[in-house]
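# Commentary on secondary and tertiary structure
The primary structure of each chain is shown beneath.
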Amino acid sequence: MATSKMSRTVGELEPVSGYDFGEPDVIPVELNKGKILYLKEPSAEDLIEINAVSTDSKINEIEATLRTICILHSPEEGMPRLSMKDAKKLTARQLKKLGEAINELLGTGEDLDEEE
């Protein structure tokens, strides 16, 4: 029985340049009339950073939330990233809006409880 040997040299292999999973979702959150803060869907790297922040026992819940907002902030082109100094100026109403957007991005919240 005749068999043919198929082989490739290393030079014939095409390098894998990476996978394209598409662009992350970005949610605009209107904090005040005309003032919009954009939050992006977290990447795996962002989730690792958020987990490190949320499990740090030296950080209280409010500071962890502010840091999460800073991590997920997706500034418009030419605009700076949200700093902790600026995040500390957010009001309770603004934080509530941002929290709802974060729950939507992370896929957490009441919607999941209703499906069970």
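Here goes a summary of the coordinates provided. The model shown is predicted, which means the values in this text are computed figures rather than measured ones.

Turning our attention to the overall build of the chain. Looking only at helices and strands, one finds five helices and two strands in the chain. Listing each helix as α and each strand as β along the chain from the N terminus yields β-β-α-α-α-α-α. Residue burial in the chain is summarised as follows: out of 116 residues, 24% are buried. A separation of at least 24 residues holds for 49% of the contacts in the chain among residues at least 6 apart in sequence. When the accessible area of the chain is evaluated, it comes to approximately 9700 Å², of which 51% is carbon and sulfur surface.

Pairing analysis gives six bridges linking strand β1 (residues 26–32) to strand β2 (residues 35–40), with the strands arranged antiparallel. Bridged to Asn32 within β2 is Lys35. The antiparallel hairpin formed by β1 and β2 contains two residues in its connecting segment, where Gly34 sits at a positive phi of about 85°.

The rules behind each value
- Residues numbered from 1 in each chain as written.
- Predicted model: local features only at pLDDT ≥ 70, side-chain atom pairs only at ≥ 80, totals over all residues.
- Heavy atoms only, no water.
- Helix = DSSP H or I, 4+ residues; strand = E, 2+ residues; numbered from the N terminus.
- Buried < 20%, exposed > 50% of the residue type's maximum accessible area, 1.4 Å probe, protein only.
- Contact = heavy atoms within 4.5 Å.
- Areas by Shrake-Rupley, 256 points an atom, 1.4 Å probe, with all protein chains shown as cover.
- Pairing = 2+ DSSP bridges.

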